[in-house]
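Residues per chain, in single letters:
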Amino acid sequence: MRSHFSGYKGWVLFLVFSGTLINAVDRSSLATANTFIAQDLHLSLETMGWVLSAFGWTYLIFNIPAGWLSDRFGTKKVYGIAAFVWSLASAMTGMAKGLGVLLFSRGLVGVGEAANFPAATKVITEHFEESERGTATGIYLAGLRLGFALTPGLMVGLMVAFGSKAHPDWRMAFYITGLGSLLWVVLWMFTYREHRGPKSVTGGVGGEQRVLVGSLLKYRNTWAIIFIKFFQDYLYYLFLTWLPGYLIKGRHLDLGHVAFYATLPWIAGMLAQPLIGILSDALIRRGYNVTKVKKTLIVIVQLVSVSVIGAAYAQSAVTAAWLLVLSMAAESASTAILWSIPQDLAPPGAAGSLGGIMNTAGALASIVAPALTGYIAQVFGFTPALVLGGLVMVAAALCVIFFLRGIEQLPFSSEVYKPLPNAGK
């Protein structure tokens, strides 16, 4: 472990880990504060569901452009600018005095955060070997779950510190977390060195090239990871946007218990992601087939995540909480494996673009899951909302089994690439 992830390579991994952690805090802060924002701004559960999904509309639109920009201009500029945008936008949430600013600020967070995973995918692809990527991906993704684990306690602590338990100050909490995120932007811009690999493309396509994003959509495996990502991320965004609200409204827990039980699933996810990556890489290094290893592991953990249905029907809040912990640990593990797949599939120079395409499906889930969960909870209660979350994970597992083929680099030809305007000059 030390030999593979020491020196500058280890620092690169820390940067994407910490950047993803910051991303998580700014993304999930609204989930913790949404009950109090709704009270102050007089918003219904259904309306708050649309507010929670506002992030997803712009996230959906900007994922593919963010991936292309990362491939075209490099991750240093794109990732740095994107983090600057989402940090200021998160702070802007604290200025909301009505629905308009609230929707705009969360939409702008989506614009910036759309670059996180396409850029991180490109960074991991460029700096790590195939047998290291499962572990590296699991470690940096653990930053997301750690951020989600820290956010409930951080937001509740800030809201109570600047207000009180009876009247939490959610505005100041957004100012501090949003503006504080700018510190990472400085760290990234001053310490990250852009990868300088060979410009030629393997397989006879010579010279500096630009990926034709649309060409990647011609492959079955591209569509397979798109569908898997959507189904898998539906449950993820259900947890991200409604877990605190479910514990307050559905289980009638106080703020202290909400902070505790809303943190546990993300801690479990944080631990599960590097562990599943280490296991995957270890099996591959021992000679086991990459496709069999990754497909088997991802299906197993996806089926374990269906335990969210048990939480829906549990009589005890404590039992429900631990089933939610198990479900999120399994969903997180499946995410770690899934994000390593575009790294294996992408033709040279296309990792950011393919990551952006896959994450666009996750962005669609970030719109559908919060809004649909809010509607179902408003009309039918939280139980059927959680059941639906479990069923979509069954759909994800079926896609892995029957839709995803061999996990190997997509066969590319000259039609996948287009020379840059200055190529050959």
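The structure reproduced in this document is the subject of the present report. (Residues numbered from 1 in each chain as written. Predicted model: local features only at pLDDT ≥ 70, side-chain atom pairs only at ≥ 80, totals over all residues. Heavy atoms only, no water.)

## Description of empty space enclosed by the protein
Move 1: Under the criterion given, the structure shown has four cavities of 30 Å³ or more.
Move 2: In this structure, the largest cavity spans a volume of roughly 90 Å³.
Move 3: Along the walls of the largest cavity sit Arg27, Ser28, Leu30, Ala31, Leu52, Phe55, Arg106, Tyr237, Leu240, Thr241, Ser366 and Pro370, which together make up its complete lining.
Move 4: Secondary structure elements with two or more residues in the lining of the largest cavity: helix 1 (7–41), helix 2 (45–73), helix 10 (220–250) and helix 15 (351–379).
Move 5: At four residues, helix 1 tops the list of elements feeding residues into the lining of the largest cavity.
Move 6: Class assignment for the residues of the lining of the largest cavity results in seven nonpolar, three polar and two charged.
Move 7: Taken as a whole, the second largest cavity holds about 80 Å³ of empty space.
Move 8: Considering the residues around the second largest cavity, the lining is formed by 13 residues, among which Phe117, Leu144, Lys229, Asp233 and Tyr236 are closest to the centre. (1 Å grid on protein atoms, 1.4 Å probe; cavity = no way out; pocket = protein on both sides within 12 Å on 5 of 7 lines; lining within 4 Å. Points joined across faces, edges and corners; volume = space filled by probe spheres on them. Helix = DSSP H or I, 4+ residues; strand = E, 2+ residues; numbered from the N terminus. Nonpolar A, V, L, I, M, F, W, Y, C, P; charged D, E, K, R; others polar.)

## Overview of the side chain of Asn63
Move 1: Along the chain, the position of Asn63 falls in helix 2.
Move 2: Owing to a relative accessible area of 0%, Asn63 belongs among the buried residues under this scheme.
Move 3: Looking at Asn63, its side chain comes within polar contact range of the side chain of Asn359, at 2.9 Å.
Move 4: Not counting the four nearest positions on each side in its chain, Asn63 is found in contact with Ala114, Pro118, Gly356, Asn359, Thr360 and Ala363. (Buried < 20%, exposed > 50% of the residue type's maximum accessible area, 1.4 Å probe, protein only. Polar contact = N/O pair within 3.5 Å; in protein donor to acceptor, adjacent residues only side chain to side chain. Contact = heavy atoms within 4.5 Å.)

## Observations concerning the layout of surface pockets
Move 1: Its boundaries defined by the atoms lining it, the second largest pocket holds a volume of some 220 Å³.
Move 2: Residue lining of the second largest pocket: 13 residues in total, with Leu69, Val78, Ile81, Ala82 and Ala115 positioned closest to the centre.
Move 3: For the lining of the second largest pocket, the secondary-structure elements that each account for two or more residues are helix 2, helix 3 (75–93) and helix 4 (99–113).
Move 4: Looking at the lining of the second largest pocket, its residues break down into eleven nonpolar, one polar and one charged.

## Looking at the packing of helix 6 (residues 130–162) against helix 7 (residues 170–180)
Move 1: At a minimum axis distance of 8 Å, the contact between helix 6 and helix 7 shows a crossing angle of 125°. Judged by the inter-axis angle, helix 6 sits oblique to helix 7. The two elements helix 6 and helix 7 cross, and the hand of that crossing is right-handed. Between helix 6 and helix 7, the contacting residues are Leu154, Met155, Leu158, Met159 and Phe162 on the first element and Trp170, Met172, Ala173, Phe174, Ile176 and Thr177 on the second.
Move 2: A per-class count over the contact of helix 6 with helix 7 returns ten nonpolar, one polar and no charged. (Axes fitted to C-alpha atoms, helices over the stretch in contact; angles between N-to-C directions. Parallel < 35°, antiparallel > 145°, perpendicular 65-115°, else oblique. Left-handed = near helix turned anticlockwise from the far one by under 90°.)

## Looking at the packing of aromatic side chains
Move 1: Applying the stated criterion to the full structure yields 21 aromatic pairs.
Move 2: Seen from their ring centres, Phe117 and Trp339 are 5.4 Å apart, and the 20° between their planes marks the pair as stacked. With Phe117 in helix 5 (residues 116–127) and Trp339 in helix 14 (residues 317–345), this residue pair connects regions lying 222 residues apart in the sequence. Pair check on accessibility: Phe117 and Trp339 agree, each one buried.
Move 3: Seen from their ring centres, Trp184 and Trp188 are 5.4 Å apart, and the 20° between their planes marks the pair as stacked. Of the two residues, Trp184 and Trp188 are both situated in helix 8 (residues 182–191); the distance of four residues between them amounts to about one turn of the helix.
Move 4: What makes Trp184 buried here is its relative accessible area of 6%.
Move 5: Residue Trp188 is classed as buried on the basis of its relative accessible area of 0%.
Move 6: Three or more aromatic residues link up through ring pairs in this structure, and these residues are Phe148, Tyr236, Tyr237, Phe239 and Trp266. (Phe/Tyr/Trp six-rings, centres within 6.5 Å; stacked < 30°, edge-to-face > 60°.)

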